Amino acid sequence: MPDQLQKSVMDSETIYTELMIPSYANFGGKIHGGILLSLMDKVAFICASKHSGQYCVTVAVEGVEFKQAVEVGELVTIKASIIYVGKTTMIVGMRVESFKPTDGIVRHTNSCYFTMAAKDSEGNLTTVPGIILENEVQLRRFCKGKIIRKLSLEKRELLKTAVKDQQFNELKGECQETDKCFLTN
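Brief notes about the overall build of the chain
Line of reasoning, step 1. Regarding its fold elements, the chain presents four helices and seven strands.
Line of reasoning, step 2. Put simply, the chain runs from its N terminus to its C terminus through helices and strands in the order β-α-β-α-β-β-β-β-β-α-α.
Line of reasoning, step 3. The C-alpha atoms of the chain give 20 Å as radius of gyration, which overshoots the globular expectation for 185 residues (16 Å, by more than 25%).
Line of reasoning, step 4. Taken along its principal axes, the extent of the C-alpha atoms in the chain is 60 × 50 × 35 Å.
Line of reasoning, step 5. By the burial criterion, 34% of the 185 residues in the chain qualify as buried.
Line of reasoning, step 6. Across the chain, every contact between residues at least 6 apart in sequence was considered, and the portion connecting residues at least 24 apart equals 70%.

A word on helix H3 (residues 136–161)
Line of reasoning, step 1. In a regular helix each residue adds 1.5 Å, so 26 residues correspond to 38 Å; H3 covers 38 Å between its end C-alpha atoms and thus fits that length.
Line of reasoning, step 2. All buried positions along H3 are accounted for by Gln-138, Phe-142, Gly-145, Ile-148 and Ser-152.
Line of reasoning, step 3. Residues of H3 that are buried make contact with helix H1 (9–12), strand E3 (55–66), strand E4 (75–85), strand E5 (89–100), strand E6 (105–119) and strand E7 (130–132).
Line of reasoning, step 4. Between the side-chain oxygen of the N-cap and the backbone nitrogen of Val-137 there are 3.1 Å, and the N-cap of H3 in question is Asn-135.

Focus: the pattern of salt bridges
Line of reasoning, step 1. Inspection of the entire model under this criterion finds nine salt bridges.
Line of reasoning, step 2. We note a salt bridge from Glu-62 to Arg-156, for which the minimum N-O separation is 3.4 Å. Residue Glu-62 is found in strand E3, and its partner Arg-156 is found in helix H3; the two are separated by 94 residues along the sequence.
Line of reasoning, step 3. Residue classification places Arg-156 among the partly exposed residues on the basis of a relative accessible area of 30%.
Line of reasoning, step 4. Glu-97 is the partner of Lys-79 in a salt bridge, and the nearest nitrogen-oxygen pair spans 3.2 Å.

A closer look at the environment of Thr-14
Line of reasoning, step 1. As for its position among the elements, Thr-14 is in strand E2 (residues 14–19).
Line of reasoning, step 2. Sequence separation of Thr-14 and Phe-168 is 154 residues, and the distance between their C-alpha atoms is 49 Å.
Line of reasoning, step 3. Sequence-distant contacts of Thr-14, that is, excluding residues within four places in its chain, are made with Val-43, Ile-46, Cys-47, Lys-50, Ile-78, Lys-79 and Ala-80.
Line of reasoning, step 4. A distance of 3.0 Å separates a polar side-chain atom of Thr-14 from the backbone oxygen of Ser-12.

Comments concerning helix H2 (residues 33–52)
Helical geometry note: an α-helix holds 3.6 residues per turn, so side chains three or four residues apart project in the same direction.
Line of reasoning, step 1. Over its 20 residues, H2 runs 28 Å from end to end, which matches the ideal 28 Å to within 8%, given 1.5 Å per residue.
Line of reasoning, step 2. Those residues of H2 that sit buried are Leu-36, Leu-39, Met-40, Val-43, Ala-44, Cys-47, Ala-48, Ser-49, His-51 and Ser-52.
Line of reasoning, step 3. Just past H2, the residue Gly-53 takes up positive phi, approximately 70°.

Considering the sheet that holds E4
Line of reasoning, step 1. Spatially, E2-E4-E5-E6-E3 is the arrangement adopted by the five strands of the open sheet, whose pairing is antiparallel. Of all strands in the sheet, those bounded by a partner on one side alone are E2 and E3. Each strand of the sheet is rotated relative to its neighbour by a mean of 25°, with strand direction disregarded.
Line of reasoning, step 2. As defined by bridge partners, E2 adjoins E4 across six bridges and the pair is classed as antiparallel.

A closer look at a nonpolar patch on the surface
Line of reasoning, step 1. Together, Leu-37, Val-61 and Phe-66 make up a nonpolar patch on the protein surface, roughly 240 Å² of accessible area in all.
Line of reasoning, step 2. Relative to the helices and strands, Val-61 is located in strand E3.

A word on the nonpolar core
Line of reasoning, step 1. Judged by nonpolar contacts, the single largest core of 33 residues is most densely connected at Met-90, Val-92 and Met-94.
Line of reasoning, step 2. For this core, the elements supplying multiple residues, two or more each, are H2, E4, E5, E6 and H3.
Line of reasoning, step 3. With residues up to four places along the chain from it excluded, the contact list for Met-94 reads Met-40, Val-43, Ala-44, Ile-78, Lys-79, Ala-80, Asn-110, Ser-111, Cys-112 and Phe-114.

Conventions we followed
Residues numbered from 1 in each chain as written. Predicted model: local features only at pLDDT ≥ 70, side-chain atom pairs only at ≥ 80, totals over all residues. Heavy atoms only, no water. Helix = DSSP H or I, 4+ residues; strand = E, 2+ residues; numbered from the N terminus. Rg over C-alpha atoms; globule rule 2.2 N^0.38 Å. Buried < 20%, exposed > 50% of the residue type's maximum accessible area, 1.4 Å probe, protein only. Contact = heavy atoms within 4.5 Å. Expected span 1.5 Å × (residues − 1). Polar contact = N/O pair within 3.5 Å; in protein donor to acceptor, adjacent residues only side chain to side chain. Salt bridge = Lys/Arg side-chain N within 4 Å of Asp/Glu carboxyl O. Pairing = 2+ DSSP bridges. Axes fitted to C-alpha atoms, helices over the stretch in contact; angles between N-to-C directions. Patch = residues over 30% accessible without salt bridge, like charges linked within 9 Å, V, L, I, M, F, W, Y side chains within 5 Å. Areas by Shrake-Rupley, 256 points an atom, 1.4 Å probe, with all protein chains shown as cover. Core = buried A, V, L, I, M, F, W, Y, C linked by side-chain atoms within 4.5 Å.

Given below as structure tokens:
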């Protein structure tokens with residue numbers, strides 16, 4: 001029997017819908033990607049806070065796929081849940097759909113993963129509850145989250161160390177015309 005230090009995926013599930021208004025449009029007349037990112041960040045906070053019972057902050061946007069443009073006048077729905085938990089962090093998986101009320105068409109427009117960290121009342125990282133997986137879909141998402149976490153940590157370490165100790169002349173070899181990289185000196 002699970003103890004109080006665990007919560008089910010359903011406990012964090014969040015569905016958020018918002019009308020896309022003209023002030024959200026970019027110069028091309030479509031909904032600005034930054035608006036969608038802001039909405040996804042808000043939903044990730046809600047979802048992570050529901051799971052952790054704590055104030056949560058965004059650690060990383062692990063990936064956002066913009067599959068289709070969203071139009072002014074559509075309803076955007078973001079469906080989210082915790083897919084993976086670590087010691088103090090959680091990965092929130094989100095699916096974004098747009099709905100055009102005039103024709104009833106629902107389109108999958110975005111998918112994304114946000115890593116969120118739980119903080120206590122003093123702003124320190126705090127442990128989050130474990131996650132109870134109740135079906136094969138949740139297990140697959142958890143395993144996907146585990147891979148996302150591993151790749152994210154590897155990427156951060158690689159970016160920290162890959163060129164740190166190289167000399168300028170060594171780095172110049174990395175910049176080649178085929179990379180569209182042109183050094184002025």
